[in-house]
Amino acid sequence: MDMNNDYSHAGPGFKRRAKREKLERSAKPKPYLQKPEFENRRVRQLEMSEGYNNARGVKKRIRHLVLDHDMSYLDACETMKQQGYSITGLTISNIRTEMKEILHMLLELGLIDRDHLARYRRQFMKKQARARDE
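Residues numbered from 1 in each chain as written. Predicted model: local features only at pLDDT ≥ 70, side-chain atom pairs only at ≥ 80, totals over all residues. Heavy atoms only, no water.

**A few points about the overall build of the chain**
For the chain, the count of helices and strands is five helices and zero strands. Beginning at the N terminus, the succession of helices and strands in the chain can be written as α-α-α-α-α. Put simply, the chain has 134 residues, and 14% of those count as buried. Residue pairs in contact within the chain that sit at least 24 positions apart in sequence constitute 51% of those at least 6 positions apart. Accessible surface, the chain: about 11,700 Å² in total, of which carbon and sulfur atoms supply 53%. (Helix = DSSP H or I, 4+ residues; strand = E, 2+ residues; numbered from the N terminus. Buried < 20%, exposed > 50% of the residue type's maximum accessible area, 1.4 Å probe, protein only. Contact = heavy atoms within 4.5 Å. Areas by Shrake-Rupley, 256 points an atom, 1.4 Å probe, with all protein chains shown as cover.)

**Comments concerning the nonpolar core**
Ranked by size, the top nonpolar core spans ten residues in total: V58, I62, L65, M71, A76, C77, M80, I87, I92 and I95. Looking at this core, the elements with two or more residues in it are α2 (38-69), α3 (73-82) and α4 (89-109). Among residues more than four places away in sequence, those in contact with M71 are L65, V66, A76, T79 and R96. (Core = buried A, V, L, I, M, F, W, Y, C linked by side-chain atoms within 4.5 Å.)

**Re the packing of α3 against α4**
Viewed as axis vectors pointing N to C, α3 and α4 meet at an angle of 125°, and their least axial separation amounts to 10 Å. Between α3 and α4, the angle falls in the class oblique. α4 is crossed by α3, and the crossing has right-handed handedness. For the pair α3 and α4, the contacting residues are Y73, A76, C77 and M80 in the first and G89, I92, S93 and R96 in the second. (Axes fitted to C-alpha atoms, helices over the stretch in contact; angles between N-to-C directions. Parallel < 35°, antiparallel > 145°, perpendicular 65-115°, else oblique. Left-handed = near helix turned anticlockwise from the far one by under 90°.)

**Considerations on unusual backbone geometry**
Of note, the phi angle at D70 is positive, near 55°, even though the residue is not glycine. One can find D70 in the loop between α2 and α3.

**Side note on α4**
With 21 residues, α4 extends 30 Å from end C-alpha to end C-alpha; this agrees with the ideal 30 Å at 1.5 Å per step. Listed as buried for α4 are I92, I95, R96, M99, L103 and L107. The buried side chains of α4 occupy one side of the element, clustering within an arc of 110° when seen end-on. Exposed and oriented more than 90 degrees from the buried face of α4 are L90, E101, E108 and L109. Following α4 by one or two positions, G110 has its phi on the positive side, about 80°. (Expected span 1.5 Å × (residues − 1). Arc of directions from axis to C-beta.)

**Section: the pattern of salt bridges**
Scanning the model with the defined rule gives one salt bridge in all. The salt bridge involving K100 is made with D70; its shortest N-O contact spans 2.8 Å. Of this pair, K100 sits in helix α4 while D70 sits in the loop between α2 and α3, placing them 30 residues apart in sequence. Taking the relative accessible area as the measure of exposure, D70 reaches 38% and is therefore partly exposed. (Salt bridge = Lys/Arg side-chain N within 4 Å of Asp/Glu carboxyl O.)

**Regarding a nonpolar patch on the surface**
A cluster of nonpolar side chains, namely M105, L109 and L111, defines an oily patch on the protein surface of about 340 Å² accessible area. Mapping L109 onto the fold places it in helix α4. (Patch = residues over 30% accessible without salt bridge, like charges linked within 9 Å, V, L, I, M, F, W, Y side chains within 5 Å.)

**A look at the environment of K100**
Assessed through its relative accessible area of 31%, K100 is described here as partly exposed. Separated by 30 residues in sequence, K100 and D70 have C-alpha atoms that sit 8.5 Å apart. Residues contacting K100, with those up to four places away along its chain left out, are V66 and D70.

This is the structure:
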């Protein structure tokens, strides 16, 4: 027994306690370096929002191609490439099919008149032709 009346050296597990205490004294806490800085986080959020808005614009453009021109799949793919959109044919096909199904359902329910839709498409084509001529 020590003069301090300390029993830390006594009993089983002394070596284990000594190693643990030595490690606790030598180990320094490491700073958490993996958290991104505020500015990096802000830039990433802006990039993600721009990508989201671009994706919404692509969907909108494909829907308008179907509604305004009743374009086929190949024509829609060619038009999107000419306009500089980077998009796969599968995406164009899915969005185009969805829009055609919606139009078909609205025509069946009588919410859209076929004659009005045809008139709208003719007027749209005339506007486009005038814009090209000017």
